[in-house]
Structures are given as structure tokens and as C-alpha cells.
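Here are the chains, one letter per residue:
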Amino acid sequence: MATLPVYRWRLAPDGLATRRQLRAAGLRPGGQDVAAQLERPRRRRGPLIAYLYRIDRARPVRPMTPAKTAALDRANAARRTCPACRNDVGYVIPVSLGMCVPCAYPAADSTSDLPGRGCHVR
């Protein structure tokens with residue numbers, strides 16, 4: 001079993017990139033294996049590790065189809081819909097509350113200084 005080359009932070013050779021760097025360039029790994037590893041030292045815990053891929057083997061990002069766009073819109077709308085009042089509140093419902101802020105704190109005065117108070121029906 002071969003081992004991966006390990007490079008220190010900011011010392012990786014040209015021609016290698018992380019997933020984020022590939023995505024920023026409009027590319028994806030495209031099924032290739034990890035070419036190298038990048039380590040960034042941390043003081044208290046172990047090092048941060050990022051995997052590097054060869055840029056010359058990367059493929060272009062697949063275009064978004066109308067069906068994928070519609071599915072993503074439906075998923076985001078579901079995340080914005082309060083299960084208690086069934087309204088689209090305009091922001092992603094916090095998992096910690098499980099419902100919109102006005103439904104989570106109904107006894108609070110609607111003229112309070114807290115964000116998200118007041119009419120939440122859009």
C-alpha cells in the first residue's frame with residue numbers, strides 16, 4: 001500500500017489543489033484518487049489535514065439542471081416553513097427551536113427589541 005506525500009501548510013507544489021480550490025476554479029476531482037495530503041499544525045489538538053487533487057486530472061463541474069434547481073428550491077422552502085404556523089418565515093428555521101421565533105416564544109411582546117419579532121407572515 002503506497003503512502004501519500006505530506007506537505008506542510010502553504011508548501012504544496014503547483015498543480016495540486018484542495019476540493020474548495022477546485023470548486024472555486026469551476027472544477028471537481030472527477031473520481032481521481034487523492035494525490036497528496038496537506039497538514040496545518042494546531043497547538044492543542046492534532047494537525048488539520050486537507051487532501052490534495054491533481055488539477056490536470058480534474059473535470060469541469062456538472063451544470064445545474066432545471067430538475068436539480070427545482071428540487072433545491074423545494075428543499076430550501078421546506079427549511080424555511082414553520083411546522084407550527086405553516087408559514088414561510090423568510091429564514092432557515094433554527095434546529096434548536098424547531099419552529100419560527102414568534103411561535104417558539106409566543107408570550108413575548110411583539111414590540112420587543114429582539115430580532116425576528118413581529119409579523120412573520122409574508
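See above for the structure.
Residues numbered from 1 in each chain as written. Predicted model: local features only at pLDDT ≥ 70, side-chain atom pairs only at ≥ 80, totals over all residues. Heavy atoms only, no water.

A.B. asks: Whenever I open this one, the environment of L52 confuses me. Can you help?
C.D. replies: One can find L52 in strand β5 (residues 48–54). Residues L52 and V34 lie 18 residues apart in sequence; the distance between their C-alpha atoms is 6.0 Å. Apart from the residues lying within four places of it in its own chain, the contact partners of L52 are Y7, A12, L16, A17, T18, V34, A35, A36, Q37 and L38. (Helix = DSSP H or I, 4+ residues; strand = E, 2+ residues; numbered from the N terminus. Contact = heavy atoms within 4.5 Å.)

A.B. asks: I would appreciate a short explanation of the side chain of Q32 in the present structure.
C.D. replies: Summarising the element assignment, Q32 is placed in the loop between β3 (27–28) and β4 (36–40). What makes Q32 buried here is its relative accessible area of 14%. Here the side chain of Q32 touches P29 through a polar contact of 3.2 Å, landing on its backbone oxygen. With residues up to four places along the chain from it excluded, the contact list for Q32 reads Y53, R54, R57 and A58. (Buried < 20%, exposed > 50% of the residue type's maximum accessible area, 1.4 Å probe, protein only. Polar contact = N/O pair within 3.5 Å; in protein donor to acceptor, adjacent residues only side chain to side chain.)

A.B. asks: Would you mind showing me how to read the sheet that holds β4 here?
C.D. replies: Across a sheet, strands are paired by hydrogen bonds formed along the backbone, either parallel or antiparallel in direction. Read from one edge of the open sheet, four strands run β1-β4-β5-β2, paired in mixed fashion. Strands at the two margins of the open sheet, each flanked by one partner only, are β1 (6–8) and β2 (16–17). With five bridges joining them, β4 and β5 adopt antiparallel strand pairing. Paired with L38 across the bridge in β5 is A50. (Pairing = 2+ DSSP bridges.)

A.B. asks: Would you take a moment to explain unusual backbone geometry for this structure?
C.D. replies: Phi is positive for R10, which is not a glycine, with a value near 65 degrees. Inspection of the secondary structure assignment puts R10 in the loop between β1 and β2. Positive phi, close to 60 degrees, is recorded for R86, a residue that is not glycine. By the secondary structure assignment, R86 is in the loop between α2 (66–80) and α3 (101–104).

In short, shape yes, function no, at least from these values alone.
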